[in-house]
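Residues per chain are reported as follows:
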Amino acid sequence: IDRNSANWGLPPKGVQRRCILFWVLLVADAWNGLNTGRPPLFSSPYVDCLCSLVLTNRSFGIVVLWGKYAAECVAEVATRTSTAAASTYAVIMEIDHKVCEFPIPD
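In this text, all values refer to a predicted model and were calculated from it rather than measured experimentally.

Thresholds, definitions, all that
Residues numbered from 1 in each chain as written. Predicted model: local features only at pLDDT ≥ 70, side-chain atom pairs only at ≥ 80, totals over all residues. Heavy atoms only, no water. Helix = DSSP H or I, 4+ residues; strand = E, 2+ residues; numbered from the N terminus. Buried < 20%, exposed > 50% of the residue type's maximum accessible area, 1.4 Å probe, protein only. Areas by Shrake-Rupley, 256 points an atom, 1.4 Å probe, with all protein chains shown as cover. Salt bridge = Lys/Arg side-chain N within 4 Å of Asp/Glu carboxyl O. Patch = residues over 30% accessible without salt bridge, like charges linked within 9 Å, V, L, I, M, F, W, Y side chains within 5 Å.

Asker: It is not clear to me how the overall build of the protein should be interpreted in this structure. Could you clarify?
Answerer: Scanning the protein from terminus to terminus reveals 3 helices and 0 strands. Seen in sequence order, the protein has helices and strands lined up from the N terminus as α-α-α. Taken over 106 residues, the protein has a buried fraction of 29%. Of the roughly 7,000 Å² that the protein leaves accessible, carbon and sulfur atoms contribute 62%.

And the structure:
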């Protein structure tokens with residue numbers, strides 16, 4: 001589900017549904033990892049589900065923005081702070097900067 005299924009010749013509606021489902025799962029996984037102190041299951045280098053189709057609908061675009069925030073900020077916070085060794089102040093400040101600077105459209 002983390003792969004771009006448009007390359008498989010699926011109908012656009014099926015591609016869109018798979019993409020939305022993936023991003024909803026990614027968000028749930030990122031927040032679950034943060035809540036439980038465990039690293040997320042999904043890893044950004046292995047994901048190519050871009051969801052370009054869903055950006056045509058505003059409500060789906062919000063799902064993608066929510067997913068992007070979870071992937072780029074929440075998952076990174078969970079990954080970098082759930083290590084066996086305590087995170088350094090520099091790491092915490094780097095993550096804080098990334099979260100605060102995340103672009104949110106009007």
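Now that the structure has been shown, the text picks up again.
Asker: Even after reading the chapter, I still don't get the pattern of salt bridges, so can you show me in this structure?
Answerer: Two side chains of opposite charge can pair, provided their charged atoms sit close to one another. Going through the model one piece at a time under the given rule, you end up with 3 salt bridges. In this structure, Lys-98 and Glu-76 form a salt bridge, with 2.6 Å as the shortest nitrogen-oxygen distance. Separated by 22 residues along the polypeptide, Lys-98 in helix H3 (residues 89-100) and Glu-76 in helix H2 (residues 58-81) bring together distant segments of the chain. In this structure Lys-98 comes out as partly exposed when scored by relative accessible area, which is 37%. One salt bridge in this structure joins Arg-80 and Glu-94, with 3.0 Å as the shortest N-O distance. Taken together, the positions of Arg-80 in helix H2 and Glu-94 in helix H3 put the pair 14 residues apart, joining distant regions of the chain. Take Glu-94: its relative accessible area is 43%, and that puts it in the partly exposed class. Residues participating in the shared-partner salt-bridge network are Glu-76, Arg-80, Glu-94 and Lys-98.

Asker: Is there a simple way to explain a nonpolar patch on the surface in this structure?
Answerer: On the surface, Val-24, Trp-31, Leu-34 and Trp-66 cluster together to form a nonpolar patch covering roughly 350 Å² of accessible area. Relative to the assigned elements, Val-24 resides in helix H1 (residues 12-36). Judged by its relative accessible area of 35%, Val-24 falls in the partly exposed class.

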